[in-house]
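# Inside the fold
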Amino acid sequence: MPELTLVDGSGVRRDLPAKLTWQVIVCTVISACGGLMFGYDIGISGGVTGMDMFLEKFFPEVYVKKHQAKANNYCKFNSQLLQLFTSSLYLAAIVACFIGSICCKKRGRKPTMQIASVFFLVGAILNAAALNIGMLIAGRLCLGAGIGFGNQAVPLFISEIAPARYRGGLNLCFQLLITIGILTANVINYATSKLHPYGWRISLGGAACPALLLLLGSLMIVETPTSLIERGKNEEGLYTLKKIRGVDNVDKEYEEISQAVEFSRQIRHPFKNLWKQSGRPQLVCGALIQIFQQFTGISVVMLYAPVLFQTMGLGENASLMSAIMTNTVKPIGTAFAIVVVDRFGRRALLIEAAIQMFISLGAIGVILAVHLHSTNVVAKHYAVLVIVLVCVFLAGFAWSWGPLGWLIPSEIFPIETRSAGFSVAVIMNFVFTFLVAQTFLTMLCHMRAGTFFLYCAMLAVMCLFAKYFLPETKGIPIDEMVERVWKQHWFWKRYYKDHDTGKGGLEIQDKPKENTIA
């Protein structure tokens, strides 16, 4: 039977029994359908915006520019309104994520996921039935609300039910479902692009399927023991803990959770405590890794892959087929990450992939700078080479900054600021996804290939950040991160020297009984 190991204050090792139960696996897969929703929307919006029938109905000026023989290759799709169609989702997600943080704490992770699925279902119906831009944007806002609630609840849910030694791999199931959602969306877009004039409605309406999976599946899963104990349901929390661990001897872990919850109740303003000196290491790292995830250039590739390939001279169907080919790589890469993340650790994957993505994105930029001018068509062999480089880029992202961008923020915060801290991190993701989505087509029009070199520079910064400032969290129990990770790090330990007033160094009015587990 696999066991989790903790070290107490005297340096004596002690074990927390925990099996990888079917209950945990089923709960992980069902909750990860929130990732399926997110991925489907990312993939479907990029493909739909490349469909002539969709552009002709909602963005006629873009449709005209797209088919002008002398139109600038870099500016064919430059439209603030078209960018708003994609990016409006993230505006709603920002607000919903903040509300979702409160809902997670007050109502639980499970109800928050159910709310997410309802919002997403309504958004899919509105988009499929859209008659004008207003309905289209309203549907996107509902989808954004669903993504905000879902992305707040799902990674926390998985991190809290997973045994420490399997936490990384299980949490990456969320990212795996995102990649499967993207691939599914691209396949559907390829099929519906031939169904004139309503193929785009089928594509957008298909978002209802993952929403229904999460809504119905959430009725079958349990709430996390931490959330139950946090809301005063101690007996139910103990029962659930035994159920998901597959053993009866859970007293030590139950005590650990209870002490952490008791301490968290002393923190009246978790968002305020995030800004205290001792809360900054997790806040800075959690927010930065989400921001950096967007500055890898992934939105350039994912949101606008069909548009990018059309810009290079590939036809509408060819561009969608190319997007399918490239997005097949992501699930494979993420599956690889699930296998190795708890063996090699988080930092090694981040550093290696930053280098890999730097090389591939730089090469794409060079090809575009040399061979794609304002009105020419790129030679076929160069277009194929770009597709190969995009696959290399996506593989690196899929086993590193993509899944780990969600995993690390979900596991580094102590329970008293966990929901609030993760909320801030996810909000940063949505804010910068919105900025990238709203500006990329304009940047492509004005900076041309220089857009890709800009993201290369960011990848170099990210590599240095992962190497020197991001601590390794592999195999550390989620409630022991402060003592065993942050207080041991060469840089971040300085933030705890003058603030040892309570667990995690947070200041409280009444200091609870010391938790001696280190």
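An unreviewed UniProt entry annotates the protein chain as Major facilitator superfamily (MFS) profile domain-containing protein originating from Populus trichocarpa. Recorded under Subcellular location (unreviewed entry), the UniProt text for the protein chain is reproduced unchanged: "Membrane".

Core analysis: the biggest nonpolar cluster contains 135 residues, and Phe-54, Trp-401 and Phe-430 have the highest contact counts within it. Discounting chain neighbours no more than four positions away, the residues touching Phe-54 are Val-48, Thr-49, Phe-59, Phe-85, Leu-136, Trp-200 and Leu-204.

Attention now moves to helix H7 (residues 133-161). The end-to-end C-alpha separation of H7 is 42 Å, in line with the 42 Å expected for 29 residues at 1.5 Å each. When you tally the buried positions in H7, you get 24 out of 29 residues, the bulk of the element. Regarding H7, its N-cap is Asn-132, as a side-chain oxygen of that residue lies 3.1 Å from the backbone nitrogen of Gly-134 further along.

Time to look at the packing of helix H2 (residues 33-48) against helix H5 (residues 80-106). Each packed pair of helices is defined by two parameters, the angle between the axes and the distance between the axes. Orientation of H2 relative to H5, taken along the N-to-C sense of each, is 160°, at an axis distance of 10 Å. Classified by the angle between their axes, H2 and H5 sit roughly antiparallel to one another. By crossing handedness, the relation of H2 to H5 is classed as left-handed. Facing H2, whose interface residues are Phe-38, Asp-41, Ile-42 and Ser-45, H5 presents Phe-85, Thr-86, Leu-89 and Tyr-90.

On to the side chain of Glu-230, then. Relative to the elements of secondary structure, Glu-230 occurs in helix H11 (residues 225-230). Of the residues examined, Glu-230 reaches a relative accessible area of 13% and is grouped as buried. Once you skip the residues sitting within four places of it in the chain, Glu-230 turns out to touch Lys-105, Arg-109, Val-261, Ser-264, Arg-265 and Ile-415.

About the criteria used
Residues numbered from 1 in each chain as written. Predicted model: local features only at pLDDT ≥ 70, side-chain atom pairs only at ≥ 80, totals over all residues. Heavy atoms only, no water. UniProt positions renumbered as here; feature names shortened; annotations may be inferred. Core = buried A, V, L, I, M, F, W, Y, C linked by side-chain atoms within 4.5 Å. Buried < 20%, exposed > 50% of the residue type's maximum accessible area, 1.4 Å probe, protein only. Contact = heavy atoms within 4.5 Å. Helix = DSSP H or I, 4+ residues; strand = E, 2+ residues; numbered from the N terminus. Expected span 1.5 Å × (residues − 1). Polar contact = N/O pair within 3.5 Å; in protein donor to acceptor, adjacent residues only side chain to side chain. Axes fitted to C-alpha atoms, helices over the stretch in contact; angles between N-to-C directions. Parallel < 35°, antiparallel > 145°, perpendicular 65-115°, else oblique. Left-handed = near helix turned anticlockwise from the far one by under 90°.

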